[in-house]
Amino acid sequence: MTSEVDMKVLLSGNEAVARGAHEAGVEIATAYPGTPSTEILETIAMQYRDIYAEWSPNEKVAFEVAVGSSIAGARCVVAMKHVGLNVAADPFMTFAYTGVKGGFVVVSADDPSMHSSQNEQDNRFYSKFAMIPMLEPSDSQESKDFVRFGLEISEQFDTPVMLRMVTRISHSKGIVELNDPVKHEVLGFERNIPKYVMVPGHARLRRKIIIERLEKLKEYSDNSPLNFVENGRKDVGIITSGISYEYAKEVMPDASFLKLGFSYPLPEKKIREFAKSVDRLFVVEELEPFLEDQIKAMGIECEGKKYFTSYGELSASVVADGLAEAGLLEKSSVPESSGEPLFPRPPVLCPGCPHRGVFTVLKKMKVPVTGDIGCYTLGALDPLGSMDSCVCMGASIGNAIGIAKANGSEKSVVAAIGDSTFLHSGITGLLDASYNKANITVIILDNRITAMTGGQNHPGTGTTLMGQETFHVDMVKLCEAVGVTDIHTVDAYNLDETKAALQKAFDHQGPSVVITNRPCVLMPRKVKEQPYKVISDSCNGCKLCFRIGCPAIAASKELTKKGHPKAIIDPDLCTGCTICAQVCPEDAIVRADEKV
Amino acid sequence: MEDKMTNILIVGVGGQGVLLASEILSLLAMEAGKDVKKSEVHGMSQRGGVVSSHVRIGKKVYSPTINMGGADVLMSFEVAECLRALPWLRDNGTAITSHTRLIPPITTIGNFSYPEDPISDLKKKVPSLKDVDADTIALELGNSRLVNTILLGVLSHSLDMPEDLWLDVIRKRVPPKFVDLNVEAFTRGRALNFEETLAR
């Protein structure tokens, strides 16, 4: 193999983490897809085939698989979005006690500004919570390099290490210098009961060890080259980490900086020295005052959230405004807003999406619908507007049970959950519904893929991340196995059939499941049937077809006698799903090749 | 471009090839020996939402995103999206837009309306607007998905980079089947007769 040293490539933060895993000799990589972390495992599976890579059914399992591999002496990376770490928090908190054998890096990709998430929790607190070290890269180069640092720290200090990314690091591309991969051997499993079996007697011993470990890590943090000072102006010093460093550096390149790449535990000595060397000390960080509060707790005076919001992403202009407010920069003269308001362009269900028909039916039935995480959460938005809750992965079923129990006997509440989400954390909810005789109907929107994140395989797909054919779960049998007796499989493109199945389910006492069986229109292959058209003479401008929210249907310039716009269908976008034809009361929508 | 930073904002709607265009632009900068960062948000935006990609080229780039009022060039694949993104363009910056109109379902249910004549609205604010009927050119070339490459051809006049380098990068980056088509699309865009304005 030729050397790749000195080669420069353009990589996203996620691609760089994948490359970093390759260069550091990682043997095992696991994840459940979640924006903005998904491309880490996709890149590993596509480009670094020496690494065993898997989509696990959820983040907890992904974490536990990697824990096992680490105990067996393999180097491991497990990746997830910020809320994914909530799911994996149970093994995370206790694996911090047992420590590792093979190096272990957990990547937490946070989503400040909630571009594609239900909250913007700051996962830096998890490192402090679990008392494990955290590395925060600022760009793609560091995203790559910090994987190896993280694995080495993990092995040196017998601890899992958190690599904390954010959307702007994961999804920004920058130039990265490559290194050759190092060889790592799987060390092999050895029995060590007091270290790995966390019963109270052993855990008490380990707890002492991790308290001592944290002290050693503090010392290491003080000496780590990842925490460095850039001397500049003496009147202003900035302590910062991650993406915030880039913004602060952009705005005030001549300030003095203490850049923290190893940001938990903090390098206390370095911070004290740096604080002494400057007149005014600022802490620039995105989201919560994680660094600021700890620095203040050291008795060091500093200014931070007073000037830099904890709401959403920072940017160079937000940092500039903060420094201007602090009296260090001129107020910028950039115009505040846009001028005329324009229509919004919210994300929508694709033309032909099998979820559209189900929400069209649910809207008519006017029943409460508890929702879940996936493309179908868009069913909550206008014009479908038929979802009433969305909390976290799998929550729809528990929420529905709760509503049913609170409401009393009548069966009406529906839980809408996707296949990947159901397999992630819906099965236990359904088990609860059977066990506790909940009067609910669960619709499993089974499109056989994890669609929202870009089409990843899962245990219902039949293929692994690495492309092997495998078992695929039988949804009907699975629901039967957890005690559901009333199960209906329906064609999501057939509104009458869907409605009839829901009616039958409502008439049944106890939990019912309705499974839709149309695949995603985008993945694994694009669905494109004969498109439909509007017979203009028959269209009475009733707008019912507009109300299914299909991007292929638009208002025509042609008006009815009453002045209502008629409908028109874009044949390039239309996939021929027929939902619009089924809602049209005038039978004005027909197959494009039909003679009229 | 020397040491000066060049900020290019590319906008469009999911599926229009914003990400590929910004990738080509970033690779071009890297090949030319510049530092470059590009930033965009994936996820929900792929479901018919707005997609924007920030590309920053210079000697050393820190922030991956452009400030409002900081784009030297704004390039849009959809005409109403060009209007939406105008506040990002700096004074005397270059705006390039395709005539493409993608009208979202939200406007058909009557809550909002799509602008009647977005090109005129744009020209009132940016008289030097480079507006291109890229859909027609793309159809002439036989593939409606070439709008992004045609506009890259127009954009190429705003950057001090040799045409050969552009073509090299396009050849490397687009799928092999579509290399010739994309080279032609780029050339057609570059040949459009706009007053040359280097973004400096």
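For the structure itself, consult the block above.
Residues numbered from 1 in each chain as written. Chains lettered and ligands numbered in written order. Predicted model: local features only at pLDDT ≥ 70, side-chain atom pairs only at ≥ 80, totals over all residues.

Looking now at the overall build of chain B. Broken down by element type, chain B carries eight helices and six strands. Secondary structure of chain B in N-to-C order comes out as β-α-β-β-β-α-β-α-α-β-α-α-α-α. Taken against the 2.2 N^0.38 rule, which gives 16 Å for 200 residues, the C-alpha radius of gyration of chain B at 16 Å falls within 12% of a compact globule. Overall, chain B is about 50 × 35 × 35 Å in size when its C-alpha atoms are taken along their principal axes. Per-residue burial over chain B gives 57% buried out of 200 residues. Sequence-distant contacts, at least 24 apart, represent 64% of the contacts inside chain B between residues at least 6 apart. (Helix = DSSP H or I, 4+ residues; strand = E, 2+ residues; numbered from the N terminus. Rg over C-alpha atoms; globule rule 2.2 N^0.38 Å. Buried ≥ 20, exposed ≤ 12 C-beta atoms within 10 Å, placed from the backbone. Contact = placed C-beta atoms within 7 Å.)

Glancing now at the pairing of strand 5 (residues 104–110) of chain A. Residues and elements named next belong to chain A. Counting buried positions along strand 5 gives seven out of seven residues, so the element sits mostly inside the fold. Alternating positions in strand 5 separate into two faces, Phe-104, Val-106, Ser-108 and Asp-110 on one and Val-105, Val-107 and Ala-109 on the other, with burial throughout. Here six bridges tie strand 4 (residues 76–81) to strand 5, and the two strands are oriented parallel to one another. Its bridge partner lying in strand 5, Cys-76 is registered against Phe-104. Pairing of strand 5 with strand 7 (residues 161–166) involves six bridges; the strand directions are parallel. Its bridge partner lying in strand 7, Ser-108 is registered against Arg-164. (Pairing = 2+ DSSP bridges.)

With respect to topology, seven strands assemble into an open sheet ordered 3-2-4-5-7-6-12 (chain A), the strand pairing being mixed. Unpaired on one side and paired on the other, strand 3 (52–55) and strand 12 (262–264) of chain A mark the two borders of the sheet.

Before going further, it helps to spend a moment on the pairing of strand 15 (residues 414–418) of chain A. Residues and elements named next belong to chain A. Within strand 15, five of the five residues are buried, which leaves it mostly tucked inside the rest of the structure. Here strand 15 shows two buried faces, one formed by Val-414, Ala-416 and Gly-418 and the other by Ala-415 and Ile-417. Alignment of strand 14 (residues 369–370) against strand 15, held across two bridges, turns out to be parallel. By the bridge assignment, Thr-370 is partnered in strand 15 with Ala-415.

These figures capture arrangement, not role.
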